[in-house]
Amino acid sequence: GLAPRLRLPSIVLEIVAGIVIGPAALGWVEVDEPIEVLNLIGLAFLLFLAGLEIDFGRLRGPLLRVSALAYVVSFAIAIVVGLGLKAGDLIETPLLVAIILASTSLGVIIPVLKDAGEVSSQFGQLVIAGATIADFSAIFLLSIFFSGEGGTGATIILLASLVLLAVVAYFALLEVERSTRIARELLRLQDTTAQIRVRGAVVLMIAFVALAETLGLEVILGAFAAGAILTLVDRDQEVTHPLFRRKLESVGFGVFIPVFFVTTGLNFDLEALFASTKAVVMIPIFLAALLAVRGIPAMLYRRLVDRRRAAIAGILQATSLPFIVAAAAIGMDLGLLDQAEGAALVAAGLLSVMIFPALGLVLLKRAGMAAPGEPPGDRVADQPTMAM
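Residues numbered from 1 in each chain as written. Predicted model: local features only at pLDDT ≥ 70, side-chain atom pairs only at ≥ 80, totals over all residues. Heavy atoms only, no water.

A. Here's a closer look at the overall build of the chain. A tally of helices and strands in the chain yields 17 helices and 0 strands. Here the chain holds 388 residues, and the buried ones make up 49% of them. Contacts in the chain between residues far apart in sequence, at least 24 positions, make up 78% of those at least 6 positions apart. Looking at the chain as shown, the accessible area adds up to about 17700 Å², and 65% of this sits on carbon and sulfur atoms. (Helix = DSSP H or I, 4+ residues; strand = E, 2+ residues; numbered from the N terminus. Buried < 20%, exposed > 50% of the residue type's maximum accessible area, 1.4 Å probe, protein only. Contact = heavy atoms within 4.5 Å. Areas by Shrake-Rupley, 256 points an atom, 1.4 Å probe, with all protein chains shown as cover.)

Okay, structure coming up:
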């Protein structure tokens, strides 16, 4: 707000603040057990709210087919890039790096689309669909290949168990939601000190985080699944409880999620990053890889929007940080990434949220952003016709 021309997501400042006050710089704060607990809650809330952002109503028809095809191409490019980095002796686990490179920060690009008035346009819906598929797929693939203790086959069985329990929870909650008596009580208590809907949502998140932990899966999958379930069940929020999701965002982004990003800064190993030329060289390489992996497949979007907007979509989709931070931490805990690789990935993610959203917004302004209530993605004169 004090520097309106400097368009930086708050998470960048939070991570930088953690680096400054942490052991890497001033040494005022170290990660102890209470901070670690709050850090875990912040990570769970971040993925829970990411699951809550999914609009399943938009994931259908040509939009779903094009977005899904683009992600398949994106992941294939990521595999090639990962193998190339492995051949160059820059990384040790190409599959993990490929999964990280193919991710997109849905929570970062949605505010950019809102600022541009593009959320409701076909272009905005296409970018959101692509980011949603990338987010979900990245979490799913990370859980399959780098979670559980019995190998990939056993992990798939555990994932199937989690999905089955999620389906059971969905139908159970749906029946509860349809109960007139319960609905009446929820309406009565939702804005009192009971805050019953918020409490219920947090219980659902904790239950699935604990369930994922019990099954030997990553907690981020459980939190994401809880958010997705709530999205599917809660279809009438605009009518009976329009403030519910805003309250959840207030709890998450106002309290716990900043702790996660500040703790990321506290754990950021500047010494490992600058200890060798190789580590420093990896930062621009990873940044360029993010742009290539997520940007090139966006050219498939020309089936739905014009070429310029497809290119802008690719730039926006190359923005990734929250998943990079979470996956890098998991990789370092498992010994699949060393400190230099993890720090370089997080640094590249930081640069991506500093550069790509701002660049995308500038290009959108030049392309002609939407007037209030007008979706420019639907008024492009030379927009190609979908032929799938």
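B. Seen up close, the packing of aromatic side chains. According to the stated counting rule, one finds 5 aromatic pairs in the structure shown. Ring plane angle 85° and centroid distance 6.3 Å describe the contact between F45 and F48, whose orientation is recorded as edge-to-face. In this pair, F45 and F48 are both assigned in helix α2 (residues 33-52), 3 residues apart and thus about one turn of the helix distant. Note on F45: relative accessible area 2%, which makes it buried. Here Y71 and F75 contribute two aromatic rings whose centre-to-centre distance is 6.3 Å and whose plane-to-plane angle is 15°, an arrangement assigned as stacked. Residue Y71 and its partner F75 are located together in helix α3 (residues 61-87), separated by 4 residues, close to a single helical turn. Comparing Y71 with F75 shows no difference in burial state: the two are buried. Sitting over the face of the ring of F123, R309 holds its NZ or CZ atom 5.6 Å from the ring centroid. (Phe/Tyr/Trp six-rings, centres within 6.5 Å; stacked < 30°, edge-to-face > 60°. Lys NZ or Arg CZ within 6 Å of the ring centre and 35° of its normal.)

C. Summary view of the packing of helix α6 (residues 122-145) against helix α16 (residues 322-333). Running from amino to carboxyl end, α6 crosses α16 at an angle of 5°, the nearest separation of the two axes being 12 Å. Considering their axes alone, α6 and α16 lie roughly parallel with respect to each other. Where α6 approaches α16, its residues A138, I139 and L142 are matched on the opposing element by F323, A327 and I330. The class makeup of the residues in the contact of α6 with α16 is 6 nonpolar, no polar and no charged. (Axes fitted to C-alpha atoms, helices over the stretch in contact; angles between N-to-C directions. Parallel < 35°, antiparallel > 145°, perpendicular 65-115°, else oblique. Nonpolar A, V, L, I, M, F, W, Y, C, P; charged D, E, K, R; others polar.)

D. Summary view of the layout of surface pockets. Size it by volume and the second largest pocket reaches roughly 890 Å³. For the lining of the second largest pocket, the elements supplying multiple residues, two or more each, are α2, α10 (219-233), α12 (244-267), α16 and α17 (339-367). With 7 residues, the top contributor of residues to the lining of the second largest pocket is α16. Considered class by class, the residues forming the lining of the second largest pocket number 17 nonpolar, 9 polar and 6 charged. (1 Å grid on protein atoms, 1.4 Å probe; cavity = no way out; pocket = protein on both sides within 12 Å on 5 of 7 lines; lining within 4 Å. Points joined across faces, edges and corners; volume = space filled by probe spheres on them.)

E. Expanded view of the pattern of salt bridges. Under the counting rule described, the total for this entry stands at 3 salt bridges. In this structure, the salt-bridge partner of R309 is D306, at a minimum N-O distance of 3.7 Å. With respect to burial, R309 and D306 carry one shared label: buried. (Salt bridge = Lys/Arg side-chain N within 4 Å of Asp/Glu carboxyl O.)

F. Local environment of the environment of I257. Structurally, I257 is set in helix α12. The sequence separation of I257 and I11 amounts to 246 residues, and the corresponding C-alpha distance is 9.1 Å. Aside from chain neighbours lying at most four places away, what touches I257 is G42, F45, L46, L49 and G252.

G. Layout of α2. Taking 1.5 Å per residue, 20 residues should reach 28 Å; α2 reaches 29 Å between its end C-alpha atoms and fits that length. Residues N39, G42, L43, A44, F45, L46, L47, F48, L49, A50, G51 and L52 constitute the buried set of α2. With a side-chain oxygen lying 3.1 Å from the backbone nitrogen of I35, the N-terminal cap of α2 falls on D32. (Expected span 1.5 Å × (residues − 1). Polar contact = N/O pair within 3.5 Å; in protein donor to acceptor, adjacent residues only side chain to side chain.)

H. Seen up close, a nonpolar patch on the surface. Nonpolar side chains collect at one region of the surface, where V16, V20, L26 and W28 lie side by side and expose about 410 Å² of accessible area between them. A relative accessible area of 37% places V20 in the partly exposed class. (Patch = residues over 30% accessible without salt bridge, like charges linked within 9 Å, V, L, I, M, F, W, Y side chains within 5 Å.)

I. Focus on the nonpolar core. Within the largest apolar cluster, 96 residues are counted, with the highest numbers of intra-cluster contacts made by F48, L142, F208, L248 and F286. In contact with F48, other than residues within four places in its own chain, are A201, M205, A223, F224, A226, G227, L230 and L248. Ranked by size, the runner-up nonpolar core spans 24 residues in total, among them V112, L304, A313 and L364. (Core = buried A, V, L, I, M, F, W, Y, C linked by side-chain atoms within 4.5 Å.)

J. Expanded view of unusual backbone geometry. Unusually for a residue other than glycine, D89 sits at a positive phi of about 60°. As for its position among the elements, D89 is in the loop between α3 and α4 (94-101). In the Ramachandran plot, Q195 falls in the positive-phi region, its phi being about 45° despite a non-glycine side chain. By relative accessible area, which is 24% here, Q195 ends up partly exposed.

K. Examining the side chain of S320 more closely. Assignment of secondary structure puts S320 in the loop between α15 (307-317) and α16. Separated by 2.8 Å, the side chains of S320 and S103 make a polar contact. In this structure, S320 is in contact with S103, T104, S105, L290, G349, S352 and V353, ignoring residues within four places of it in sequence.

L. Summary view of the environment of L141. Position of L141 relative to the elements: it lies in helix α6. Placed 46 residues apart in sequence, L141 and L95 show a C-alpha to C-alpha distance of 9.7 Å. The residues contacting L141, other than those within four sequence positions of it, are Y71, F75, I99 and F146.

Geometric descriptors of this kind do not, in isolation, establish any biological role.
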